[in-house]
Amino acid sequence: MRPATLYLLLAGGVLAMAALPILLPWKQFVMTVAMAKGFAALGVALLLRAGMISIGHALFLALGAYAAAFMSRGAGITDLGLLILGSVAISTVCGALVGAYMVRYRAIFFAMLNLAVSMVVFSLLAKLYRVTGGTDGMRVPVPTIFGMEYDKSQFDAILYYVALVLIVAVGFLVHRYLKSPLGHALAAVHSNEVRLEYLGVSAWRVLLVAYTVSAALAGLGGVLTAVAVGHVLPEYAYWTESGHLVLTAVLGGIGGVAGPFLGSIFLEFVHSFAVGYADDAWNMINGIALLLVIFFLPQGLYGLIARRRAAKSVMERDEDK
Amino acid sequence: MLFAIVPLIVDGLANAALIFFVAVGLTLVFSVLRILNVAHGSFYSIGAYVAASIGLWIISSGLNPWLSFPALLIAAALVAALMGPLIERTLVHWTYGKGEAVQILVTFGLFLILEDLQRIVFGVRSIYADTPMALLGVSEIGGIIYLNYQLLLIGLAVLTLIGLRLFIRHTRQGKLISAVVEDREVSEAMGINTRRIFMMAFTLGVFLAALGGALATPTSGVAPGLGAETMVLAFAVAAIAGLGQVEGAAVAAVIVGVARVLAIYYVPALDAVAPYLVMLVVLLIWPYGLFGTTQSRRI
Amino acid sequence: MSDERALLSVRGITVNFAGVKAADDVTLSINRGDFTAIIGANGSGKTTFLNICTGYVKPQAGAVYLEGREITALPPRNIARQGIARSFQIPQLFTDQTVRENLMLSIAAREGVFQGFTPLDRPEYRAEADELIALVGLQSVADTLTGTLPEGLRKLADVTLALALKPRLLLLDEPTSGVSALERFDIMNTLMNALRERETTALFVEHDMEVVRRYADRVLVWDTGSVIADGLPDTVFADERVIKSVLGAV
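**As for the overall build of chain B**
Within chain B one finds 12 helices and 2 strands. Reading chain B from its N end, one meets helices and strands in the order α-α-α-α-α-β-β-α-α-α-α-α-α-α. Against the 2.2 N^0.38 benchmark of 19 Å for 299 residues, chain B shows a C-alpha radius of gyration of 19 Å, consistent with a compact globule. Taken along the three principal axes of its C-alpha coordinates, chain B extends 60 × 45 × 35 Å.

**What to know about the overall build of chain C**
The secondary structure content of chain C amounts to 9 helices and 10 strands. On C-alpha atoms alone, chain C measures out to a radius of gyration of 18 Å, which is about the 18 Å that the 2.2 N^0.38 rule sets for 250 residues. Per-residue burial over chain C gives 48% buried out of 250 residues. Long-range pairs, those at least 24 residues apart, make up 68% of the contacts in chain C between residues at least 6 apart in sequence.

**Observations regarding the interface of chain A and chain B**
In this complex, chain A contributes 36 residues to the contact, which on the side of chain B involves 33 residues. Mapped onto the side of chain A that touches chain B, the elements with two or more residues apiece are helix H5 (107-127), helix H10 (239-252), helix H12 (282-296) and helix H13 (309-317) of chain A. Ranked by residue count, the leading element in the side of chain A that touches chain B is H5(A), at 10 residues. When its residues are assigned to classes, the side of chain A that touches chain B shows 25 nonpolar, 6 polar and 5 charged.

**A word on the sheet that holds strand E8 (residues 201-205) of chain C**
Residue and element names in this part refer to chain C. If you trace the 6 strands from one edge of the open sheet to the other, you get E6-E7-E8-E3-E9-E10, paired in mixed fashion. Both outer strands of the open sheet, strand E6 (84-86) and strand E10 (226-231), are each paired with one neighbouring strand and no more. On average, each strand axis in the sheet is tilted by 20° relative to the strand beside it, whichever way the strands run. When strand E3 (residues 35-40) meets strand E9 (residues 218-223), the two strands line up parallel, connected through 5 bridges. Residue pairing in the sheet places Gly40 in a bridge with Trp222 of E9.

**As for the nonpolar core**
Ranked by size, the top nonpolar core spans 285 residues in total, and within it B:Ala210 and B:Val237 carry the most contacts. The leading source of residues in this core is helix H1 (residues 2-33) of chain B, at 18 residues. Taken together, domain 1 (1-83 + 171-186 + 200-250) and domain 2 (94-166) of chain C each give at least three residues to this core, which thus spans both. Excluding anything up to four places from it in sequence, B:Ala210 contacts B:Phe43, B:Tyr44, B:Ile46, B:Gly47, B:Ala75, B:Ala76, B:Val79 and B:Ala80.

**A word on the packing of helix H3 (residues 68-95) of chain B against helix H9 (residues 194-220) of chain B**
All names here are of chain B. Where H3 meets H9, the axes come as close as 7 Å, and the angle between the chain directions of the two elements is 140°. Between H3 and H9, the angle is such that the two are oblique. When you trace H3 past H9, the crossing you get is right-handed. Here Leu72, Ala75, Ala76, Ala77, Val79, Ala80, Met83, Gly84, Pro85, Glu88, Arg89 and Val92 of H3 come into contact with H9, specifically with Phe198, Met199, Phe202, Thr203, Val206, Phe207, Ala210, Leu211, Ala214 and Leu215. Partitioned by chemical class, the residues of the contact of H3 with H9 number 18 nonpolar, 2 polar and 2 charged.

**Looking at the pairing of strand E7 (residues 169-173) of chain C**
Residue and element names in this part refer to chain C. In terms of burial, E7 is largely enclosed, as 5 of its 5 residues are buried. Burial along E7 is two-sided: Leu169, Leu171 and Asp173 and Leu170 and Leu172, pointing in opposite directions, are all buried. In the sheet, E6 pairs with E7 via 3 bridges, with the strands oriented parallel. Directly across from Ile84, in E7, lies its bridge partner Leu169. Handedness of the crossover is the feature at issue here: the chain leaves E7, passes through helix H6 (residues 181-197), returns alongside E8, and the resulting connection is right-handed.

**Regarding the interface of chain C and chain A**
Facing the 35 residues of chain C at the interface are 30 residues of chain A. Elements represented by at least two residues in the side of chain C that touches chain A include exactly strand E2 (20-31), helix H1 (46-53), helix H2 (76-81) and helix H3 (99-111) of chain C. In terms of residue class, the side of chain C that touches chain A is built from 17 nonpolar, 13 polar and 5 charged.

**Quick look at helix H5 (residues 151-163) of chain C**
Residues and elements named next belong to chain C. Here H5 contains 13 residues, and its C-alpha end-to-end distance of 18 Å stays within 8% of the 18 Å for a straight helix at 1.5 Å per residue. Across the 13 residues of H5, 11 count as buried, placing the element largely inside the fold. For H5, the set of buried residues is Leu153, Arg154, Lys155, Leu156, Ala157, Asp158, Val159, Thr160, Leu161, Ala162 and Leu163. Against E6, H3, helix H4 (123-136), E7 and H6 lie the buried residues of H5.

**Here we look at the domain arrangement of chain C**
In many reports, interface size means the accessible area that the parts give up when they come together. Residues and elements named next belong to chain C. Domain boundaries assigned for chain C yield domain 1 (1-83 + 171-186 + 200-250) and domain 2 (94-166). The C-alpha-based centres of domain 1 and domain 2 are spaced at 27 Å. In this assembly, 7 residues from domain 1 lie in contact with 5 residues from domain 2. Grouping the constituent residues of the side of domain 1 that touches domain 2 by class yields 4 nonpolar, 2 polar and 1 charged.

**What about the packing of helix H7 (residues 172-182) of chain B against H9(B)?**
For any two helices packed against each other, one specifies the inter-axial angle together with the distance between the axes. Residue and element names in this part refer to chain B. The geometry of H7 relative to H9 is characterised by a closest axis approach of 10 Å and an angle of 105° between their N-to-C directions. Classified by the angle their axes make, H7 and H9 are roughly perpendicular. Here Gln173, Leu176, Ile177 and Val180 of H7 lie close against H9, whose contacting residues are Thr194, Ile197, Met200 and Ala201. For the contact of H7 with H9, the class distribution of residues is 6 nonpolar, 2 polar and no charged.

**Things to note about the sheet that holds E2(C)**
Residues and elements named next belong to chain C. Here 4 strands make up an open sheet; going across it, the order is E2-E1-E4-E5 and the pairing antiparallel. Of all strands in the sheet, those bounded by a partner on one side alone are E2 and strand E5 (69-70). Where strand E1 (residues 6-17) and E2 come together, 8 bridges link them in antiparallel fashion. Paired with Phe17 across the two strands is Val20, which belongs to E2.

**Thoughts on unusual backbone geometry**
All names here are of chain C. Although it is not a glycine, Glu174 sits at a positive phi angle of roughly 50°. Tracing the backbone through its elements, the reader meets Glu174 in the loop between E7 and H6. In the Ramachandran plot, Thr224 falls in the positive-phi region, its phi being about 35° despite a non-glycine side chain. Owing to 17 C-beta atoms within 10 Å, Thr224 belongs among the partly exposed residues under this scheme.

**What about the environment of B:Ile197?**
All names here are of chain B. The topology assignment puts Ile197 in helix H9. When the 21 C-beta atoms within 10 Å are taken as the criterion, Ile197 is described as buried. Along the sequence, Ile197 and Gln173 sit 24 residues apart, while their C-alpha atoms lie 8.1 Å from each other. Not counting residues up to four positions away in its chain, the partners in contact with Ile197 are Val32, Leu176, Ile177, Val180 and Ile192.

Rules and cut-offs
- Residues numbered from 1 in each chain as written.
- Chains lettered and ligands numbered in written order.
- Predicted model: local features only at pLDDT ≥ 70, side-chain atom pairs only at ≥ 80, totals over all residues.
- Helix = DSSP H or I, 4+ residues; strand = E, 2+ residues; numbered from the N terminus.
- Rg over C-alpha atoms; globule rule 2.2 N^0.38 Å.
- Buried ≥ 20, exposed ≤ 12 C-beta atoms within 10 Å, placed from the backbone.
- Contact = placed C-beta atoms within 7 Å.
- Nonpolar A, V, L, I, M, F, W, Y, C, P; charged D, E, K, R; others polar.
- Pairing = 2+ DSSP bridges.
- Axes fitted to C-alpha atoms, helices over the stretch in contact; angles between N-to-C directions.
- Core = buried A, V, L, I, M, F, W, Y, C linked by C-beta atoms within 7 Å.
- Domains from an automatic or database assignment.
- Parallel < 35°, antiparallel > 145°, perpendicular 65-115°, else oblique.
- Left-handed = near helix turned anticlockwise from the far one by under 90°.
- Right-handed = clockwise from strand over helix to strand, strands pointing away.
- Expected span 1.5 Å × (residues − 1).

Spelled out as structure tokens, the structure:
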């Protein structure tokens, strides 16, 4: 596809999303949530570029959401802008700290350690009743916007467009990041980490930046979800939520920035249809969809599926001690 | 103080025994197939559900309650026979020779499917079937009361470890398995049917996990979400030992079990978190686990 | 270091792999500006020597110095940043990227990849990459994914990737293996001219004795972890032991 066609399609997509609350007003809320989760899925997709699968990334979604809840309830911060900035800052710092440990690991260790940490946080959120409200979670009051108070439905309408503007702005920045040397180095971790190190680049630092960015994105998704839903629950950190994010990223493809958002919007549509019929089977549907994408539509995953021939032959062919 | 902690230790070891069954299956499958199955914990919970269902059926149809014991074993064998070969031949087989990313994604997809399948088949309520534990009763040693069933669990885990060791070192099938672990290409060149070995090892792994789950039902029952928790715990044990280390998994299971007891005794808030803390610290110091070895890439 | 001419020195390095001696108390220096060839039978320790110099293998004893500063067992990335680059026996490329993209990433790595949002594909990098591509004659495949190139071209791309780092010392692991006999001398000519022009010191492992004879200023002959001969090509090739140990085996 030529760049001009692509930009036209993207602009069309954004316009269609902008018109959606007018055309399908009853879909506005689910679409806000879909856009919010799209940020988290974009974070997961970033790591997928380096061949790393986090099956615990809902952790940072939950951190962003709970940070918003604590700020608005505990610290009395009610402004939407401040809530977003604060939550993203907190998840960024947590991402850098957790990431410093995580990015030492690859493949299954990376996946499982992320899962383990997310499960620890989930159980703490559920158990520390006096701090987090336990399994009941916490209510998040409707934020103000630049000091103005709105009722819930007005706020929801504004939030929808805030999320859409953020997608364009953040999406542009992430796109530039992926095109920069650092973004190329991220993909190079997957295609040949040994060579990257021999070019004098620290894969650890490259990955730490990516992990931190992905945590910030998930945190942004978290705070948007929290203010849209008006309630935060420990389930935000549960592994099924992480699984949903992985599916969204895989479904949308890891090539571009728009993919995870498209995946998220598509899945949210499917979910809102399926919820009446198969609520108990939603994870199963996710799992089957994940397998179907991997089996039949692996193009969006670029080199992730292809056999690592080159790497293998390195080990086989060298007989020089 | 010691008196207070001894029953806790037995409790911790009984817990470690259950996790050992899952972890050793996980690590065995990994060492033979070079795949870490993210859905492995689900076999534990499925084994638990099937065992609990059979156990409840035995009681409700008025059969001899002692039949509950063989029922635990039968439940595990049933799960292994039905699911092991089927899943290995289809999904897992497809990922052979593909990147680790695909193996994680595919087994994670399987995990999501199996979790909901359990909800649909067995419902969302917790199930308890504690007949075997009640039948065995308690014994008193030195003024401390122990559940006999817990002692049985510890004994069974030790027997399983010894049995696995004998199987791998001294039987034809076991030797074939270790040959494949040692060098897959050479084994294939020598005419070993790796296809069969993979299926056998995978099914054995499923059996061990399902057995752990079946044996757990009398003490802790089974509820949704058990599969995920078990998976992470089993991975923690396998990772502490070093992936692929069978005997190491036993040591790691004991370490995790004891760590948990100490946490309950001294810092109750850290009870559930203790195994993970142990794992994070161990991996920080020994990135390949206590008994694992590095595999560096030749260039 | 006392020797002013020495760029790289190793002192008493020893490496054992499960009882096999890959390096046995080796002490030597590589002089600035020299093209030094390493020859020896398979398993004599040639690649291990490169791996030690670049930090991939940690010697059990001994030390490595670059211009008198110790670099023993530093991670490969730190050694690369100090000016030692290497190519690989089996090409190590970013296979899902084009030749030009590979080179631009290498150039960016030299400048440091942590530099904000400026795209990798920028005029300066592109110009420099194209210059390198023209230098080694890869113009026709500049936009081809490196994973799809034939072995000989991949080899060349691999060497060029190391060249793009503008190293002071370049280690080449069998630069002409997998390259057809016809092209071999063309490639070596281009390469050696490029290195001379950039005043780069080079150390290359080589099996083709004709290539060694033509391009090496000095030859190191390895046998079971030791250097058994060291000198000008003609002198070394006349040595009885060398003929027996290496030339007979090749």
